[in-house]
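Residues per chain are reported as follows:
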Amino acid sequence: MASIRVRAIAGDGSVDVQSLIQHPMDSGFVKDSKGKLIPPHYIEVVTFEHAGKPVLTALWGPAVSKDPYLKFSFKGGKKGDTLKISWVDNLGKSDSTDAKIL
């Protein structure tokens, strides 16, 4: 279904994270070519964890665009550590992946 692409790079005391999540993020307010509403289908929760603790939790809704891009930094990570990324959408579907910090 959807996939997550992540790049995490350790720098001077912090880790810079960039992620791209492939997801339709349908709001439920857009019509298809036949004039019928496309049912809502969007990510509700995105979580990034390092060493078993959340470093970022995002609560999203239908206003977030298709294939959302997220960029942030956190302190405490180092090269070789693992960053776990997961999401759950309003239909109960989910995806997760692990990324090594470079």
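To be clear, the structure that these remarks concern was listed above.
Below, the structure is looked at part by part. Here the structure is a predicted model, which is why all the values come from computation and not from measurement. (Residues numbered from 1 in each chain as written. Predicted model: local features only at pLDDT ≥ 70, side-chain atom pairs only at ≥ 80, totals over all residues. Heavy atoms only, no water.)

The next thing to look at is the sheet that holds strand 1 (residues 4–10). Pairing is antiparallel in the open sheet, where 3 strands are placed in the order 1-2-5. The open sheet terminates on both sides in strands that have one partner only, identified here as strand 1 and strand 5 (69–75). Averaged over all neighbouring strand pairs, the angle between strand axes comes to 15°, with direction disregarded. Pairing between strand 1 and strand 2 (residues 14–21): 7 bridges, direction antiparallel. (Pairing = 2+ DSSP bridges. Helix = DSSP H or I, 4+ residues; strand = E, 2+ residues; numbered from the N terminus. Axes fitted to C-alpha atoms, helices over the stretch in contact; angles between N-to-C directions.)

So, on to the nonpolar core. Counting residues in hydrophobic clusters, the biggest one holds 20 residues, and the most contacted among them are V17, V46, F48 and W60. When contributions to this core are tallied by element, the ones reaching two or more residues are strand 1, strand 2, strand 3 (43–50), strand 5 and strand 6 (82–89). Discounting chain neighbours no more than four positions away, the residues touching W60 are I21, M25, I43, E44, V46, P68 and L70. (Core = buried A, V, L, I, M, F, W, Y, C linked by side-chain atoms within 4.5 Å. Buried < 20%, exposed > 50% of the residue type's maximum accessible area, 1.4 Å probe, protein only. Contact = heavy atoms within 4.5 Å.)

What follows concerns unusual backbone geometry. In the Ramachandran plot, A51 falls in the positive-phi region, its phi being about 55° despite a non-glycine side chain. Looking at the element boundaries, A51 is found in the loop between strand 3 and strand 4 (53–59). In this structure A51 comes out as exposed when scored by relative accessible area, which is 66%. In the Ramachandran plot, D67 falls in the positive-phi region, its phi being about 50° despite a non-glycine side chain. Of the residues examined, D67 reaches a relative accessible area of 30% and is grouped as partly exposed.

Turning next to the sheet that holds strand 7 (residues 94–100). Here we have 4 strands laid out as an open sheet, ordered 4-3-6-7, and antiparallel in their pairing. The open sheet has two edge strands with one neighbour each: strand 4 and strand 7. Put simply, the sheet's adjacent strands are angled 15° from each other on average, direction ignored. Sheet topology places strand 6 next to strand 7; 7 bridges connect them, and they run antiparallel. The residue bridging T82 from the neighbouring strand is K100, located in strand 7.

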